[in-house]
Amino acid sequence: MAELAQRISNPRSLEQYDACVFAFFSEVSERLQREFIEEMGVDPEAAANVAAGFAKLAGFDLPLATPLPEMPHSPKDEADV
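Predicted model, so just to flag it, every value in this text is computed and none were measured. (Residues numbered from 1 in each chain as written. Predicted model: local features only at pLDDT ≥ 70, side-chain atom pairs only at ≥ 80, totals over all residues. Heavy atoms only, no water.)

(A) View of the overall build of the chain. A count of helical and extended segments in the chain gives five helices and zero strands. Starting at the N terminus, the α and β elements of the chain follow one another as α-α-α-α-α. Of all 81 residues assigned to the chain, the portion counted as buried reaches 30%. Long-range contacts, defined as pairs at least 24 residues apart, comprise 67% of the intrachain contacts of the chain with a sequence gap of at least 6. (Helix = DSSP H or I, 4+ residues; strand = E, 2+ residues; numbered from the N terminus. Buried < 20%, exposed > 50% of the residue type's maximum accessible area, 1.4 Å probe, protein only. Contact = heavy atoms within 4.5 Å.)

(B) Structural view of the nonpolar core. Counting residues in each nonpolar core, the largest one holds 16 residues, and the members touching the most others are I8, V21, F25, I37, V42, V50 and F54. Those elements that place two or more of their residues in this core are α3 (19–27), α4 (30–40) and α5 (44–58). Not counting residues within four places of it along the chain, the set of residues in contact with I8 comprises V21, F24, F25, F36, I37, V42, A46, A47 and V50. (Core = buried A, V, L, I, M, F, W, Y, C linked by side-chain atoms within 4.5 Å.)

(C) Highlighting unusual backbone geometry. Phi at Y17 takes a positive value of approximately 50 degrees, unusual for a residue other than glycine. As for its position among the elements, Y17 is in the loop between α2 (12–15) and α3.

(D) Focus on the packing of α3 against α5. Following both chains from N to C, one finds α3 and α5 inclined at 95 degrees, their axes separated by 10 Å at the closest point. Between α3 and α5, the crossing angle belongs to the class labelled roughly perpendicular. Of the residues in α5, those touching α3 at V21, F22 and F25 are A47, V50, A51, F54 and A58. When grouped by side-chain class, the residues that make up the contact of α3 with α5 number eight nonpolar, no polar and no charged. (Axes fitted to C-alpha atoms, helices over the stretch in contact; angles between N-to-C directions. Parallel < 35°, antiparallel > 145°, perpendicular 65-115°, else oblique. Nonpolar A, V, L, I, M, F, W, Y, C, P; charged D, E, K, R; others polar.)

Below is the structure:
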């Protein structure tokens, strides 16, 4: 998980067309992406920039391709565990 956390905020992932990073931004629900970013201490702006790059490459919108708003701290939904 730590490797994915590094890769989703690293612009080199775009240069390398990192399929795992693209899958994270395109196949994982927006809520779970945001929770992962918060839990792993990923820079939200950096992740949003990488998502925006993949959105441009793919030719369609990705949920996190914009800056992340502040997230309220709430208990996790047990269904997501």
